[in-house]
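Close look at the chain arrangement
One letter stands for each residue in the lines below.
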Protein chains: 2
Amino acid sequence: MSAPRDSEPQIGRSVLRKEARAKLTGRAPYVHNLVLPGMLYGKLARSPVAHGRIRHIDTAAARDHPGVHRVLTGEDMRALIPDPHYGPAFHDQPILALDKVRYAGEPVALVLAADPHVAEAAAQSIEVEYDELPAVYDEVEAMTSKAVVHETLKPAGTFPDLKHLAGKRDTNIALDFHLRRGDVAAAFGRAAHVFEHTFKTQQVLHVPLEPFVTVAEPGDGRLTIHTASQSPSFVRSEIARLLGWAENRVRVQVPFLGGGFGAKLYIKLEALVAAAALIVRCPVKVAASMEEQFYTLTKHAATLRIKSGVDANGRIIARACEVWWNGGAYADIGPRITQKSGFTAPGPYDIDNVAVDSYALYTNLPPAGALRGFGIPQLVWAYESHADMIARAIGMDPLEFRRKNILREGRPQATGTVMRDAALGEVLERLAQRMRWNEPFDRGSAALRRGRGIAIGFKASISPTTSVAIVTVNADASCTLLCGTVDMGQGSDTAMAQIVGEVLGVAAEQVSVVHPDTDVTPYDMATLGSRSTYHMGNAVRRAAEDARDKLLALAAELGLAPETTPIPDLFRHKYGMQAGNVIGMGSFVPAYTPTDHASGQSDNVTPFWMVGATGVEVVVDTETGHFEVTRLVNVADCGEAINPALVATQLSGGAIMQLGFSTSEQMLFRDGQVTNASLAEYKIPGMLDMPARIENEAVAGNERGGPFGAKGVGESGTFGVSPAIANAIEDAVGVRLSALPLTAEAVYRALRAKRGEPLEDA
Amino acid sequence: MSAPRDSEPQIGRSVLRKEARAKLTGRAPYVHNLVLPGMLYGKLARSPVAHGRIRHIDTAAARDHPGVHRVLTGEDMRALIPDPHYGPAFHDQPILALDKVRYAGEPVALVLAADPHVAEAAAQSIEVEYDELPAVYDEVEAMTSKAVVHETLKPAGTFPDLKHLAGKRDTNIALDFHLRRGDVAAAFGRAAHVFEHTFKTQQVLHVPLEPFVTVAEPGDGRLTIHTASQSPSFVRSEIARLLGWAENRVRVQVPFLGGGFGAKLYIKLEALVAAAALIVRCPVKVAASMEEQFYTLTKHAATLRIKSGVDANGRIIARACEVWWNGGAYADIGPRITQKSGFTAPGPYDIDNVAVDSYALYTNLPPAGALRGFGIPQLVWAYESHADMIARAIGMDPLEFRRKNILREGRPQATGTVMRDAALGEVLERLAQRMRWNEPFDRGSAALRRGRGIAIGFKASISPTTSVAIVTVNADASCTLLCGTVDMGQGSDTAMAQIVGEVLGVAAEQVSVVHPDTDVTPYDMATLGSRSTYHMGNAVRRAAEDARDKLLALAAELGLAPETTPIPDLFRHKYGMQAGNVIGMGSFVPAYTPTDHASGQSDNVTPFWMVGATGVEVVVDTETGHFEVTRLVNVADCGEAINPALVATQLSGGAIMQLGFSTSEQMLFRDGQVTNASLAEYKIPGMLDMPARIENEAVAGNERGGPFGAKGVGESGTFGVSPAIANAIEDAVGVRLSALPLTAEAVYRALRAKRGEPLEDA
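Residues numbered from 1 in each chain as written. Chains lettered and ligands numbered in written order. Predicted model: local features only at pLDDT ≥ 70, side-chain atom pairs only at ≥ 80, totals over all residues. Heavy atoms only, no water.

Overview of the overall build of chain A
As a reminder, the rule being used: Strands here are runs of E lasting at least two residues and helices are runs of H or I lasting at least four, both read from the DSSP assignment and numbered beginning at the N terminus. Our radius of gyration looks at C-alpha atoms and nothing else; its globule reference is 2.2 Å times the residue count to the power 0.38. Exposure classes here rest on a 1.4 Å probe applied to the protein chains alone. A residue is buried below 20% of its type maximum, exposed above 50%, and partly exposed in between. Whether two residues are in contact is decided by their heavy atoms, any of which lying within 4.5 Å being enough. Each accessible area value is a Shrake-Rupley result obtained with a 1.4 Å probe; residue values ignore everything except the protein chains displayed when judging cover. By the counting rule applied here, Lys and Arg register as positive and Asp and Glu as negative, while His and the ends of each chain are not counted. In plain terms, the charge of a residue is placed at NZ if it is Lys, CZ if Arg, CG if Asp and CD if Glu.
The number of helices and strands found in chain A is 19 helices and 31 strands. Expected size for 762 residues packed as a compact globule is a radius of gyration near 27 Å; at 27 Å, chain A falls within 12% of this value. For chain A, with 762 residues in total, the buried portion stands at 65%. Taking the intrachain contacts of chain A between residues at least 6 apart in sequence as the baseline, contacts between residues at least 24 apart amount to 80%. Accessible surface, chain A as shown: approximately 25500 Å² in total, 51% of it carbon and sulfur. The averaged location of the 86 negative side-chain charges in chain A is 2 Å from the averaged location of its 75 positive side-chain charges.

Printed below as a string of structure tokens:
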């Protein structure tokens, strides 16, 4: 660390990640490394049955296993907590299964032992008798299936718009969202062309390389929870709610995360571990294995039907979207995805007549929740595949078709919200330039054919929401930031330190950042939805400005020149020694109008818009169906980049993650049981899967509401990847795939079908 | 915990200590219990020589000891830190001895091993050759001794009034303080009587039952120090200064303390452990033994000469005081004691002509520092023994003599500061009433004679000083206080929670208190000098008021009635869910005028005055000299008591501690070596030493500057104990003791001398 460099701007500088050295030297703290004196390790016994009534749990063998301290079941949870169900949107998920199980892999019992291997061995000896029940796995079937996952809906009360669902029975629909704008039927009637296509996405996994892990430590009428969580404030309030405690009796501490991507939101292991620790009165740790991540939280499979009316000039004049979200056995945040992403289902296009019907469905699969994009990549997959199919059908260049229809600044989006600071047009043009769309393109020859595709998506940010931050200036001018944003690899510590540094005229390297600890770091809604740079960034900026204003007031009080008096001198004059500190506080609550329940309309549906577009070039082997993405171009509007290097890694990181979801990743099931629950059989992208050329560009934008013009960019790279690849494959070899993942086998089958060749296994 | 009881006052309620259950169940965290992975234990080799030049340190045998990781000496410290000397007033104390040793017991080398027993055994094998130097042990001799402890004075620069001492050579006087008021010589000239007496106090120990302990944990360019410290903010800035680091790279965390009493202020083991951890790059723990406390910090022995001129009516018209403080080998905070207590040396009496000369002296004894009273008990010992001796000599009742001379509200004290909110007269009268001073008193018979004595003292509080606090109100109305006050047994967590509760209308039991952690709790000067209730209490009150004002503003913003809207409803209306928090910040810097260097005068020398008086009844065995304190009455002005039960335990706790210093405790030396460094040979009061009757009374007072009229009371019980006992002994058997401790042997010898009987050993 060097002396403050007052003159150097901190915003727009690619400051090295603050934690880089700590991570490289192995000094960065993770919950996985935490060992407390007298700590017990817990291992779970899980249901092999997808839907069934529990007749009997026999824990005798496990209890008798040498070294086992205790075996807990749902009834132990019920003895501690009268209604031991948690969840951010619905209180539907039991800490351990009660009465019935709703998916294969659901936790049924917890074995505690001082040695984790003992606990694991004993957990395998637990015998459970089930009365199996009919199960439902498909999201569309779930609409009408007689197999009902939950007898009664139990909305959490957190969201006022879910309240009307309380007590609803015999339905798998956790939430239905509807949007109506203009006169859709009439517009379809006068359309020159009407297109309707159905798309499907598969169930996939977040795969943070650090699996779920939680340690709970009982204190005197208090509980400290060390957890790899993206939402420490939520963990605190939800655990307090379950226990009937005041929030200040629960302390949640979060060190670094080895990735989150939405998996580590809300409650995962925390309620289980907290309850177990209170029951056995000693610290308890549960660390999930990689396999167990498949049984904990996933990304929604979805079926998307999209129908567009296009006029003779290629303008979209009507669009109807139906989306069925496969939420699995427990709602998690799925209903919010249904609603919050639902209103962008028609895409970033200027369409006067729109209808959206979006359904969150319970099925007997592992629960699905937020995953980097919060439903947007599924929607973009549909509407950007659909866009190319229309363009192709009406003989228009796909870029031209998008140009003609793109939502421009000042025009209303489907909800009625007028677009502001969403550089859709600019992002599309920069992508076209990067792709040299109008220049000749080598289409390959013989069996290796080349193609290219583009896609563009957009996303609203989350509301209602709030962030609070504290900035402390010490007597030697060093600064400390207290903020609840979780640095899970995205570099938030660094970006927040840059904001503090910019305001206070201090190098970002000199600002230390205290990690989330609900006793001391102020409230933050959660680290999700690319909200931190904007929301927490604004709170941090205000906190730093508050500290700066107090320093200026101190200088004025002392009669010292604020511009030329070093901060340490202010303190020395005030206190007669190097003593005291100045504390700035800032909070941020964006303005927001919820969508109207009947019409889906809102005049201010989001604090800011994210825009991301992807272009790809592929080469396809027409004999084998094998294809390769040879070039991947990501362009996004991130407003003013606080740290350009971090923005670039966010863009390429998001795109590569989505590349895996687009081309290889897929959870496979037999009777509801995952059959490929290991990284040996579930293929995430490795270094050899990287496109030969990856380019990232943040268009010069300015988000008027963001700190120094910045906005979030953590998800923007994911939006367009899947449809851009499908569009490129069709461009190369003329086949259209409508279901993810886009595998060599799928291309091969489509090519055979196109050529009228029978398939061996058909 | 129950629901908030808005109507119940929190101030003046004897709330149960918040930590009571945690301490009783063994769950309260202490640094002694902290074990970190890969931690090394350090044990010290210490000098047997009181003053000597180090010729050679042979660490070979220790290094070769199986299991030893590393052996460090002063030269290793110098390699890490160019000038490895620390101290709050003078940078005079080396982390490990360099070139020479200045007292027997000074740390010379540190042995590190994974097993503390290995480290201890190895430490004993370190051989050091010394060239012994002449030593000085007596504080009066040190004024003129040729044995010079420090070649050069190195004031810390913390205190501007020490700066002129920098570089002074060949003196043992670390600081001399002088006060002149009126014309002392003239007043002595016209006095009816002049009395001069000399008193002595012995060197004693704090004896916290938790000895010194520190753990340091190196991080990535950072260092976390877990330490049993009363001054976490000082530890942070001093370690940062030594390392040349910014303060935010050093994190100091303090859990509960098992007593402090002034011993755990400033730097004790922290610099050593921090440096060792940085050198070996892994966590290091050093835990002192009870014996080692004798070599770390003690209470000043002092010689006090006091001379008074009294007129024919018994009014004191002139007083001259000379005080020599035996600071031992390193200054610690001793020079501040010399100055801060020096100006009260003439006692709480209304005397127009005063002279004080007070000297802080270096000697070759273990260092002396602050101990519950910061020099005041030594001064009261002198001036209240002197008071009785004068009263007896002029034939006046000792109560009447005090009544006639006591400083009344609105009159100037020796510094010129006008007395405000110091209930000296009321405390004296309440003590007289409690003692039934004017009623007949059973004086015993035969060999068992009874007597009684009183004494009254006062103390200024510390300045300049500052405290900062943060109060967080959570969305469920539970509150958290972040404050740097160390709860070392005095119950500060509870009292601070009561202040927060009173302001916010919440039960104190529902306010959680975060313990000092310099990364998150704001600056506080230190927990010392009974300053916390007043200084931090004011900061906490302001922080709570700031939070309350923000809640009221929120209600106004939302158009809700502030008096009838529950806090959770405010948050729900604001954020649409149970989210967010409100953060209040408060800081407090009392007004203060330093004493003038030449005259010792100040118009505002203290934020508030503490007043404490003690009355005792004794029974003395005239044959053996054995005496017993049968009744101990403590009366103090604590302003408005925030928690009456805590005030009572502070009063009796202070008095009992001082009872030990008065009657049994005494460090014994041979050639500068402590000869009774164990609790087997150094006698602290046990349950059987308690007076049969102990009474505590806080007079109804009101401190206008304090939070809800409160002020500190942690030291007031100590002031009068020693002279009250000596006065009672003289009252019983007619002998006057002028040196502490007041032992049976001393009484016996005095009785024999009075009767003209030779002593066997004379």
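Remarks on the relation of the copies chain A and chain B
For the pair of chain copies, the relating operation is a rotation around an axis with a shift along it. So the rule is basically this: In this comparison the copies share one frame, found by least squares on the C-alpha atoms of residues holding pLDDT of at least 70 in both.
At an RMSD of 0.1 Å, chain A and chain B line up after a rotation of 180° and a shift of 0.1 Å along the axis. Look at the turn and shift together and you get a two-fold axis relating the two. In terms of C-alpha distance to the rotation axis, chain A has V520 of chain A as its closest residue, with the C-alpha 3.2 Å off the axis. Mapped onto chain B, 100% of the interface residues of chain A are again interface residues, and the two copies thus contact each other with one and the same surface.

Topic: the interface of chain A and chain B
The condition that has to hold: Summed over both partners, the accessible area lost on bringing two parts together, with a 1.4 Å probe, is the buried area. Salt bridges are identified by distance alone: a Lys or Arg side-chain nitrogen within 4 Å of an Asp or Glu carboxyl oxygen. Contacts described as polar in this section are N or O atom pairs within 3.5 Å, which, within protein, must combine one atom able to donate a hydrogen with one able to accept it, while residues neighboring in sequence count only if both atoms come from side chains. Under the grouping applied here, Gly and all other residues not named as nonpolar or charged are polar, the nonpolar ones being Ala, Val, Leu, Ile, Met, Phe, Trp, Tyr, Cys and Pro and the charged ones Asp, Glu, Lys and Arg.
Across the boundary between the two partners, chain A contributes 51 residues, which contact 52 residues of chain B. Between chain A and chain B, the buried area comes to about 4300 Å², and carbon and sulfur atoms account for 55% of it. Our count for the chain A to chain B interface comes out at two salt bridges. In this structure, R21 of chain B and D220 of chain A form a salt bridge, with 2.7 Å as the shortest nitrogen-oxygen distance. For the pair chain A and chain B, the number of links is 16 residue pairs in polar contact (both at pLDDT 80 or more). At the level of secondary structure, the elements contributing two or more residues to the side of chain A that touches chain B comprise helix 1 (20–24), helix 7 (232–243), strand 23 (467–474), strand 24 (479–483), strand 25 (511–514), helix 16 (567–575) and strand 26 (581–588) of chain A. Looking at the side of chain A that touches chain B, its residues break down into 23 nonpolar, 15 polar and 13 charged.

Examining the domain arrangement of chain A
Residue and element names in this part refer to chain A. Inclusion rule: Reported domain spans reflect what an automatic or database domain assignment gives.
According to the domain assignment, chain A consists of domain 1 (34–133 + 206–293), domain 2 (298–462 + 596–754) and domain 3 (465–588). Taken residue by residue, the interface counts 21 residues in domain 1 and 18 residues in domain 3. At the boundary of domain 1 with domain 3, total buried surface from both sides reaches about 1400 Å², with 52% on carbon and sulfur atoms. One salt bridge in this structure joins D519 and R251, with 3.5 Å as the shortest N-O distance. At the boundary of domain 1 with domain 3, the tally comes to eleven residue pairs in polar contact (both at pLDDT 80 or more). Only helix 7 and strand 14 (250–253) provide two or more residues apiece to the side of domain 1 that touches domain 3. For the side of domain 1 that touches domain 3, the leading source of residues is strand 14, giving four residues. Residues that form the side of domain 1 that touches domain 3 fall into these classes: nine nonpolar, nine polar and three charged.

Considering the packing of helix 14 (residues 492–504) of chain B against helix 15 (residues 535–558) of chain B
Residue and element names in this part refer to chain B. The condition is simple: Simply put, an axis is a line fit to the C-alpha atoms, just over the touching stretch for a helix, and the angle between two N-to-C directions goes from 0 to 180 degrees. We call two directions roughly parallel when the angle between them is under 35 degrees, roughly antiparallel when it is over 145, roughly perpendicular when it lies between 65 and 115, and oblique otherwise. Crossing handedness is defined as follows: a turn of the near helix away from the far one that is anticlockwise and smaller than a right angle gives a left-handed crossing, while the clockwise case is right-handed.
For the pair helix 14 and helix 15, interaxial distance at closest approach is 9 Å and the crossing angle is 30°. When the axis of helix 14 is compared with that of helix 15, the two are roughly parallel. You can see that helix 14 and helix 15 cross each other, and the crossing is right-handed. Of the residues in helix 15, those in contact with M496, I499, V500, V503 and L504 of helix 14 are M536, G537, V540, R541, A544, E545, R548 and L551. Broken down by class, the residue content of the contact of helix 14 with helix 15 amounts to nine nonpolar, one polar and three charged.

Here's the deal with the environment of W325 of chain A
Tracing the backbone shows W325 of chain A in strand 18 (residues 316–326). Classification of W325 of chain A by relative accessible area gives buried; the value is 0%.

Overview of the nonpolar core
Under the convention used in this document: The nonpolar core is taken to be a set of buried Ala, Val, Leu, Ile, Met, Phe, Trp, Tyr and Cys residues, with the residues joined through side-chain atoms within 4.5 Å.
Within the largest apolar cluster, 421 residues are counted, with the highest numbers of intra-cluster contacts made by I239, L481, I725 and I729 of chain A together with I239, L481 and I725 of chain B. Dropping the residues within four chain positions of it, L481 of chain B is found in contact with A469, I470, V471, M496, V500, V511, S512, V513, V514 and V540 of chain B.

Side note on the sheet that holds strand 14 of chain A
Residues and elements named next belong to chain A. Rule in force here: In this scheme, strands are said to pair when DSSP sees at least two bridges between them.
Overall, mixed pairing links the seven strands, which are arranged 3-7-1-15-12-13-14 in an open sheet. Each end of this open sheet is capped by a strand with a single partner; those strands are strand 3 (68–73) and strand 14. The sheet shows a mean angle of 20° between the axes of neighbouring strands, taken without regard to direction. When strand 12 (residues 213–218) meets strand 13 (residues 223–227), the two strands line up antiparallel, connected through five bridges. Pairing of A216 across the sheet is with I225, part of strand 13. Packing of helix 4 (residues 116–123) onto the sheet brings it into contact with strand 1 (40–46), strand 3 and strand 7 (107–113), and relative to strand 1 it is tilted by some 20°. Here helix 7 sits on the sheet in contact with strand 13 and strand 14, set at roughly 150° to strand 14.

What about the state of the cysteines?
All names here are of chain A. Note the threshold: The criterion for a disulfide is a pair of cysteine sulfur atoms lying within 2.5 Å.
Evaluation of the coordinates by the stated rule reveals zero disulfides over all chains. Between C638, a cysteine without a disulfide, and C483, which holds the nearest cysteine sulfur, the sulfur-to-sulfur distance is 19 Å. Take C638: its relative accessible area is 2%, and that puts it in the buried class.

Structural notes on the pattern of salt bridges
All names here are of chain A. Scanning the model with the defined rule gives 118 salt bridges over all chains in all. Residue E545 is joined to R541 by a salt bridge in which the shortest nitrogen-to-oxygen separation is 2.8 Å. Linking E545 with R541, this pair stays in helix 15 (residues 532–558), spanning four residues, or about one helical turn. Here K711 and E703 are joined by a salt bridge, their closest N and O atoms 3.4 Å apart. Judged by its relative accessible area of 3%, K711 is buried. Each of R430, R434, E617, R631, R693, E695 and E697 takes part in one network of salt bridges that share partners.

Examining the sheet that holds strand 9 (residues 173–181) of chain B
All names here are of chain B. Spatially, five strands are ordered 9-19-18-17-10 in an open sheet, and the strand pairing comes out mixed. A strand with exactly one partner marks an edge of an open sheet, and here the two such strands are strand 9 and strand 10 (193–201). Across the sheet, the mean angle separating the axes of adjacent strands is 5° when strand polarity is ignored. Bridge count between strand 18 (residues 316–326) and strand 19 (residues 353–361): nine bridges; the pairing is parallel. Paired with N326 across the strands is L361, a residue of strand 19. With respect to the sheet, helix 11 (residues 376–394) is in contact with strand 10, strand 17 (301–310) and strand 18, its orientation differing from that of strand 10 by roughly 145°.

Comments concerning the packing of aromatic side chains
All names here are of chain B. What counts here: Pairing of aromatic rings covers Phe, Tyr and Trp, the last counted by its six-membered ring, and requires centre-to-centre distances within 6.5 Å; plane angles under 30 degrees mean stacked, over 60 mean edge-to-face, and any other angle means tilted.
Overall, the coordinates contain 22 aromatic pairs over all chains when judged by the stated rule. Aromatic pair Y30 and F256: ring centres 6.4 Å apart, planes at 45°, arrangement tilted. Placement of the pair is Y30 in the loop between helix 1 (20–24) and strand 1 (40–46) and F256 in the loop between strand 14 (250–253) and helix 8 (270–280), with a sequence separation of 226 residues. Taking the centre distance of 5.7 Å and the plane angle of 75° together, the rings of Y534 and F588 count as edge-to-face.

Quick word on helix 4 (residues 116–123) of chain B
All names here are of chain B. Put simply, the rule reads: Regarding the arc, it is the one traced by the directions from the helix axis to the C-beta atoms.
Every buried residue of helix 4 is listed here: V118, A119, A122 and A123. All buried residues of helix 4 project into a common sector of 130° when viewed along the axis, lining one side. Looking at the packing, one finds that the buried side of helix 4 touches strand 1, helix 2 (60–64), strand 3 (68–73) and strand 7 (107–113). Between a side-chain oxygen at the N-terminus of helix 4 and the backbone nitrogen of H117 the separation is 2.7 Å; the capping residue is D115.

Side note on the side chain of D350 of chain B
Residue and element names in this part refer to chain B. Among the secondary structure elements, D350 is positioned in the loop between helix 10 (334–340) and strand 19. A distance of 2.7 Å separates a polar atom in the side chain of D350 from a polar atom in the side chain of R411. Once residues within four sequence positions are removed from consideration, D350 is found in contact with R315, I316, N405, I406, L407 and R411.

A short note on the confidence of the model for chain A
Here is the rule we go by: As a per-residue measure, pLDDT tells how confident the predictor is, with possible values from 0 to 100.
Residues at a pLDDT of 70 or more form 99% of chain A, whose mean pLDDT is 95. Low confidence marks residues 1–5 of chain A, where pLDDT is under 50. Its contacts with residues over four positions away, or in another chain, come to 14 contacts.

A few points about the pairing of strand 26 of chain A
Residues and elements named next belong to chain A. The buried fraction of strand 26 is high, at six of eight residues. When strand 23 meets strand 26, the two strands line up antiparallel, connected through eight bridges. Its bridge partner lying in strand 26, V471 is registered against G584.

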